[in-house]
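This is what each chain is made of:
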Amino acid sequence: MNPVTSALNALPPTVGLAAIVVGSLFAAIVVERVVVRLLRRLGRSTENGFDDIVVDELRLPLVVTAALGGVFLLTGDGGVLDALAVDAATRDALLSRPTLTVLVLVWAWALNAIVNRAVDSVKDAGPRFDFAPVFSNVWTLVVIVAAAVAILSIWRIDVTPLLAGAGIVGITVGFAAKDTVANFFGGIALYFDDTYKIGDFVVLDSGEKGTVVKVGVRSTTLQTRDEVLVTVPNAVLNAAKIVNESAPGRRKRIRVPVGVAYGTDIDAFEAAVVAVAEAETLVLDSPKPRMRFRSFGASALEYELLCWVRSPVRGSKATHELNRGIYHRLTEMGVEIPFRQVDVTLVDGDPDPDVGGVGHPSVSDD
């Protein structure tokens, strides 16, 4: 800036002052007409709408910065105002500090608006972003605090006592609201981990399961199959084991155990059960249903029917329909479905005074 300052000092003070004002206005017009338009044209060439938001919100602070840039030429040492015999204190109080204050305010406003508009644009992108407004509120608070500290520093107001007081208040509030703070940060962790989103069917390690209907700052609400709302604190969810049955895909595989008597024609049995599954409308055609011979049980050959349904909430109803269909089909075929039997045999002998019976019972489990 020394050559520019030297050139201005070579002019009469009033002419130099006018040149700075005109130059600043010209720079603002160039930024508005050239730089901003070029950035907007580049933004239109991309599919991402975020860059359009950035350009729209940065237009005002860029123009204001260019327009007020000449103030620093006026207030610098050896500047035009020196020739006009304006003292440093006056320049600082009437020009430098107000100019910096205005710049801080317009840039803070722009940065806050960028985040707020970005949050508004992604809220409609999917249920996962219902939690996004929380970050907008936090960002607004951060911008306000940072701008306030910067302005106080510009006006040379000692912020140390304020920071110390804020620290004490923060510690007090932290202890008083530790559960709320834990739930808040737990919700942020769940959001960034993409653990679940609204509409997902989740199962907690405590046994609760249901569809996520609300993700709040403090808690998450599940709607069970009984249409009961269960509210769980985010801090608890952040430390719990969560099974998301809706991720990565919505479909779910169900397992239907089936036992058949020894001596059964297992080929015909497997084909019959698979045919029942293929005829069920709740079962997906792909992947195809299939049977798995799991083990030789105590009284039955133990099988599992494996098939897929469109969503986790259909699993219970599909299991019900498959059990009914399998039972009817095996009954028509005359295939025995064994069940546990207990035979009690009374053996003749001396009565047992402790039992009070006429013999000793012998129990066999078939």
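Being a predicted model, the structure only gives us computed values, none of them experimental. (Residues numbered from 1 in each chain as written. Predicted model: local features only at pLDDT ≥ 70, side-chain atom pairs only at ≥ 80, totals over all residues. Heavy atoms only, no water.)

A. Spatial organisation of empty space enclosed by the protein. Counted under the stated rule, the structure contains two cavities of 30 Å³ or more. The space that makes up the second largest cavity amounts to roughly 40 Å³. Surrounding the second largest cavity, Tyr196, Val202, Leu204, Val212, Thr220, Leu222, Val232 and Leu237 form its lining. Counting residues per element, the ones that place at least two in the lining of the second largest cavity are strand S1 (201-204) and strand S3 (219-223). Residues of the lining of the second largest cavity, tallied by class, amount to seven nonpolar, one polar and no charged. (1 Å grid on protein atoms, 1.4 Å probe; cavity = no way out; pocket = protein on both sides within 12 Å on 5 of 7 lines; lining within 4 Å. Points joined across faces, edges and corners; volume = space filled by probe spheres on them. Helix = DSSP H or I, 4+ residues; strand = E, 2+ residues; numbered from the N terminus. Nonpolar A, V, L, I, M, F, W, Y, C, P; charged D, E, K, R; others polar.)

B. Examining the sheet that holds strand S7 (residues 290-296) more closely. The sheet built from three strands is open, its strands ordered S6-S8-S7 with antiparallel pairing. Sheet topology places strand S6 (252-260) and S7 at the edges, where each strand pairs with a single neighbour. The mean inter-strand angle of the sheet, taken between neighbouring strand axes irrespective of direction, is 25°. Bridging between S6 and strand S8 (residues 301-309) involves nine bridges; their strand directions are antiparallel. Looking at the pairing, arginine 253 lines up with tryptophan 308 of S8. Taken strand by strand, helix H10 (residues 266-279) contacts S6, S7 and S8, and its axis lies near 25° from that of S8. Packed onto the sheet, helix H11 (residues 315-333) meets S6 and S8 and runs at close to 30° relative to S6. (Pairing = 2+ DSSP bridges. Axes fitted to C-alpha atoms, helices over the stretch in contact; angles between N-to-C directions. Contact = heavy atoms within 4.5 Å.)

C. Summary view of the nonpolar core. Formed by 22 residues in total, the largest nonpolar core has its most connected members in Phe269, Met291, Leu305, Leu322 and Ile326. Those elements giving two or more residues to this core turn out to be S6, H10, S8 and H11. Sequence-distant contacts of methionine 291, defined by excluding residues within four places in its chain, comprise Phe269, Glu270, Val273, Val274, Tyr303, Glu304 and Leu305. Tyr196, Val212, Leu222 and Ile242 belong to the second-largest nonpolar core, a separate cluster that totals 10 residues. (Core = buried A, V, L, I, M, F, W, Y, C linked by side-chain atoms within 4.5 Å. Buried < 20%, exposed > 50% of the residue type's maximum accessible area, 1.4 Å probe, protein only.)

D. Seen up close, the side chain of glutamate 304. The topology assignment puts glutamate 304 in strand S8. For glutamate 304, the side chain forms a polar contact with the side chain of arginine 255, separated by 3.3 Å. A polar contact is formed between the side chain of glutamate 304 and the side chain of arginine 294, at a distance of 3.0 Å. For glutamate 304, the contacting residues outside a window of four places in its chain are Arg255, Val256, Pro257, Arg290, Met291, Arg292 and Arg294. (Polar contact = N/O pair within 3.5 Å; in protein donor to acceptor, adjacent residues only side chain to side chain.)

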